[in-house]
Amino acid sequence: MNPLRVSLLQADIAWEDKQKNLHRLRAKLETLRGQTDVVVLPETFSTGFSMNPAALAEPADGSTITTLRRWAEECGVAICGSYIACGDTPGTYANRAFFLTPEGDAHFADKRHLFRMGGEAEHYTPGEKRLIVNYRGWNICLLVCYDLRFPVWSRNRHNEYDLLIYVANWPASRRKVWDVLLQARALENISYVCGVNRIGEDFHGTPHDGGSATWSPKGERLAHVPDHAEGIATTTLDGDALQRFREKFPAWKDADGFSIIK
């Protein structure tokens, strides 16, 4: 496997202001041109974690995704994150993960576990499939925020993926859970794991302190963005080292089979 450069883009989010957030993002992407392969954004990067999807939702051919697809091509990088999307049936909405490649491919899947304590389950429809994308020889699984708490949904049976990414709006009050579970997901799935979180206060005054980091399959933190700061952390992931470790310690061969029942 070729090495893969992954950049974590930790940022504040202007509440429900798509144009402002896209403007900020464009400047950051310019600094990464030719420097990375994948750029990871926070959950709902263009709006914040809003429960107002009727006013904010867009289709896949709306301005947000169309703009990101163009920038991915221009900057030569894949871009992933989530946005507020129109659902598959009229009047429904989704917190939709996206993975957009510079070659023009677009992949989508909806957040599975909706954060009921924040009212998300009252406004959005849960996803029913995981997103695993093959990009530059790597299988990449992309999940969203609250999904982190549910290990069955991320279980890496038969090494289905090599890199697991979580994008989030994870509050500072539960930061310990974020740190511990990102490392746990790397260890139990014998996979690289990246988590990207926002900083700053949202419309409701909820603080977010970041904690964006990349973890190795052995549970080592390879890179991180400092807390409470906007910044970018880029890591080169070693696919050959991952394969050697999986061969040396093949715990994945003893994993339990299971079926997910809704």
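For clarity, every value in this text was computed on a predicted model and none was experimentally measured.

What about helix α1 (residues 18-32)?
The periodicity of an α-helix, 3.6 residues per turn, causes residues three or four places apart in sequence to face the same way. Over its 15 residues, α1 runs 21 Å from end to end, which matches the ideal 21 Å to within 8%, given 1.5 Å per residue. Within α1 the residues assigned to the buried category are Lys18, Asn21, Leu22, Leu25, Lys28, Leu29 and Leu32. The arc enclosing the buried residues of α1, seen along the axis, measures out at 125 degrees, which places them on a common side. Turned more than 90 degrees away from the buried face of α1, the exposed residues are Gln19, His23 and Thr31. Against the buried residues of α1 lie β1 (4-10), β2 (38-40), α2 (53-56), α3 (63-75), β3 (78-86) and β14 (231-237).

Observations concerning the side chain of Asp147
Here Asp147 shows up in the loop between β7 (138-144) and α4 (151-154). Buried within the structure, Asp147 lacks any salt-bridge partner; Arg112 is the closest side chain of opposite charge, at an N-O distance of 6.6 Å. A distance of 2.8 Å separates a polar atom in the side chain of Asp147 from a polar atom in the side chain of His113. If sequence neighbours within four positions are ignored, Asp147 has contacts with Lys111, Arg112, His113, Trp153 and Tyr166.

Describing the sheet that holds strand β5 (residues 106-110)
If you walk across this open sheet you meet the 6 strands as β5-β4-β3-β2-β1-β14, and the pairing is mixed. At either end of the open sheet lies a strand with only one pairing partner, and these are β5 and β14. Strand-to-strand twist of the sheet, defined as the mean angle between neighbouring strand axes without regard to direction, takes the value 25 degrees. Bridge count between β1 and β2: 3 bridges; the pairing is parallel. From the neighbouring strand, Val6 faces β2, where its bridge partner is Val38.

The rules behind each value
Residues numbered from 1 in each chain as written. Predicted model: local features only at pLDDT ≥ 70, side-chain atom pairs only at ≥ 80, totals over all residues. Heavy atoms only, no water. Helix = DSSP H or I, 4+ residues; strand = E, 2+ residues; numbered from the N terminus. Expected span 1.5 Å × (residues − 1). Buried < 20%, exposed > 50% of the residue type's maximum accessible area, 1.4 Å probe, protein only. Arc of directions from axis to C-beta. Contact = heavy atoms within 4.5 Å. Lys, Arg positive; Asp, Glu negative; His and termini not counted. Salt bridge = Lys/Arg side-chain N within 4 Å of Asp/Glu carboxyl O. Polar contact = N/O pair within 3.5 Å; in protein donor to acceptor, adjacent residues only side chain to side chain. Pairing = 2+ DSSP bridges. Axes fitted to C-alpha atoms, helices over the stretch in contact; angles between N-to-C directions.

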